[in-house]
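Each chain, written out:
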Amino acid sequence: MGRAFVAGLAVVAALAGCTVQAPDGEGKRRSPVHIELPGDTPSPGRTPAGGGDGPRSAPPSADDRPRTAPTADDRRRTAPTPSRVLWSRGDTGRDVRELQARLRQVAWLFEGPTGTYDEPTQRAVSGFQGKRGLPRTGRTDAVTWQRLLGMTREPGRWDLYLMGGQPADPPDPRCRSGRVLCIDKTSRTLRWMIDGRTVSTTAVRFGSQGTPTREGVFSVYWKSRDHVSTLYDSPMPYAMFFSGGQAVHFSADFAARGYAGASHGCVNVRDEAAIAELYAQVRNGDKVVVSW
């Protein structure tokens, strides 16, 4: 009966989740069974109820989960925000002129500055963007502008107006009466004035330090439509002489190079249409004022 009782107790223990304890090191037998009843807290190191026979797996990490292709919404959320456009084709002003001057510094633009965001400017911006891995939009956005700023220096006044277009300063007081070619060396402009009224204004270029344009009050004493310099063997179309060999005339070099060059003392005009119109209006004897 004793063996039957022990066997029965072992069955109950197995069914109830018992752990049979072996004798201790001194040969004394401890409590033969440890019964874990439902609802008991599991012993440390044991698998919690319902955990199965093997060790419980940790929850899958985000990297272990199956990946799905991104949706259109996902792509829109992760796409970079387009940079703000500062200037684009058709814009005008001083800022556009600076953009063009800086593009000239890095040899992406060879015309102007004109102050107008035209087709050559758009092509230059597009080329600059493509060379640096930026979207080739041809529009100057904030990212493109910052990249260009980092590669160029601040343009000076005559970098901005290399090919003319600068505003004229107020006329010299000596220009306020009569018919006057009012020439200002400071703003590099020529005003054609009649009785204090400005009829037209155009950009002009002067002599170099070695061959300066003389200053003072003069008068036109000779006009020569297709003049050629006997001293320098260079064309001087629409020449209006006012002091010795110095004259106001059209200059192809000024038209091509702007203020990168200089005259031999004459007053150069780069706009051929403007000088042709001026030549038709000016008479011998009209006053010429050259001032700083």
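Predicted, not measured: the structure shown is a model, and the values here were computed from it.

**Here's the deal with the overall build of the protein**
Counting secondary structure elements, the protein contains 8 helices and 13 strands. Burial status across the protein gives 34% buried among its 292 residues. Taking contacts inside the protein between residues at least 6 apart in sequence as the whole, the part at least 24 apart equals 51%. Accessible surface computed for the protein: about 17,700 Å², of which carbon and sulfur atoms make up 53%.

**Description of the pattern of salt bridges**
Under the counting rule described, the total for this entry stands at 12 salt bridges. Of the charged contacts, one joins Asp-172 and Arg-174 as a salt bridge, the two residues approaching to 2.9 Å between their closest N and O atoms. Note on Asp-172: relative accessible area 16%, which makes it buried. In this structure, the salt-bridge partner of Asp-226 is Arg-225, at a minimum N-O distance of 2.7 Å. Looking at Asp-226, the relative accessible area reads 60%, which means it is exposed. Several salt bridges converge on common partners, so that one network encompasses Arg-94, Glu-98, Arg-102 and Glu-154.

**A closer look at the sheet that holds strand E12 (residues 267-269)**
Ordered in space as E8-E13-E5-E6-E7-E12-E11-E10-E9, the 9 strands form an open sheet in which the pairing is mixed. One side of each edge strand has no neighbouring strand; the edge strands of this open sheet are strand E8 (216-219) and strand E9 (222-228). Direction aside, neighbouring strands of the sheet carry axes that sit 30° apart on average. For strand E5 (residues 179-184) and strand E6 (residues 189-194), the ladder comprises 6 bridges, and the chain directions are antiparallel.

**Focus on helix H4 (residues 119-131)**
With 13 residues, H4 should cover 18 Å at 1.5 Å per step; its first-to-last C-alpha distance of 18 Å lies within 8% of that length. What H4 keeps buried is the set Pro-120, Thr-121, Ala-124, Val-125, Ser-126, Gly-127, Phe-128 and Gln-129. Buried residues belonging to H4 abut helix H3 (94-105), strand E4 (140-141) and helix H5 (142-151).

**Points about the state of the cysteines**
Disulfide: a covalent bond formed between the sulfur atoms of two cysteine residues. Summed over the entire model, instances satisfying the criterion amount to 1 disulfide. The disulfide partner of Cys-175 is Cys-182, and the S-S distance across this bridge is 2.2 Å. For the disulfide bridge between Cys-175 and Cys-182, the dihedral angle about the S-S bond is near 80°, and by the sign convention the bridge is right-handed. The exposure classification of Cys-175 matches that of Cys-182, with both residues buried.

**Focus: the pairing of E6**
Counting buried positions along E6 gives 5 out of 6 residues, so the element sits mostly inside the fold. Counted between consecutive antiparallel strands, the loop separating E6 from strand E7 (residues 197-205) contains 2 residues, among which Asp-195 sits at a positive phi close to 55°.

**Section: the nonpolar core**
By size, the foremost hydrophobic cluster in this structure holds 21 residues, and its most contacted members are Leu-181, Ile-183, Met-240, Val-248, Ile-275, Leu-278 and Val-288. Every element with two or more residues in this core is listed here: E5, E6, strand E10 (235-243), strand E11 (246-250), E12, helix H8 (272-281) and strand E13 (287-291). Among residues more than four places away in sequence, those in contact with Met-240 are Val-220, Trp-222, Lys-223, Ala-247, Val-248, Ile-275, Leu-278, Tyr-279 and Val-282. Core analysis: the second largest hydrophobic core is formed by 11 residues, Leu-103, Leu-109, Phe-128 and Trp-145 among them.

About the criteria used
- Residues numbered from 1 in each chain as written.
- Predicted model: local features only at pLDDT ≥ 70, side-chain atom pairs only at ≥ 80, totals over all residues.
- Heavy atoms only, no water.
- Helix = DSSP H or I, 4+ residues; strand = E, 2+ residues; numbered from the N terminus.
- Buried < 20%, exposed > 50% of the residue type's maximum accessible area, 1.4 Å probe, protein only.
- Contact = heavy atoms within 4.5 Å.
- Areas by Shrake-Rupley, 256 points an atom, 1.4 Å probe, with all protein chains shown as cover.
- Salt bridge = Lys/Arg side-chain N within 4 Å of Asp/Glu carboxyl O.
- Pairing = 2+ DSSP bridges.
- Axes fitted to C-alpha atoms, helices over the stretch in contact; angles between N-to-C directions.
- Expected span 1.5 Å × (residues − 1).
- Disulfide = S-S within 2.5 Å.
- Core = buried A, V, L, I, M, F, W, Y, C linked by side-chain atoms within 4.5 Å.

Remember, this is a structural readout, not a statement about activity or role.
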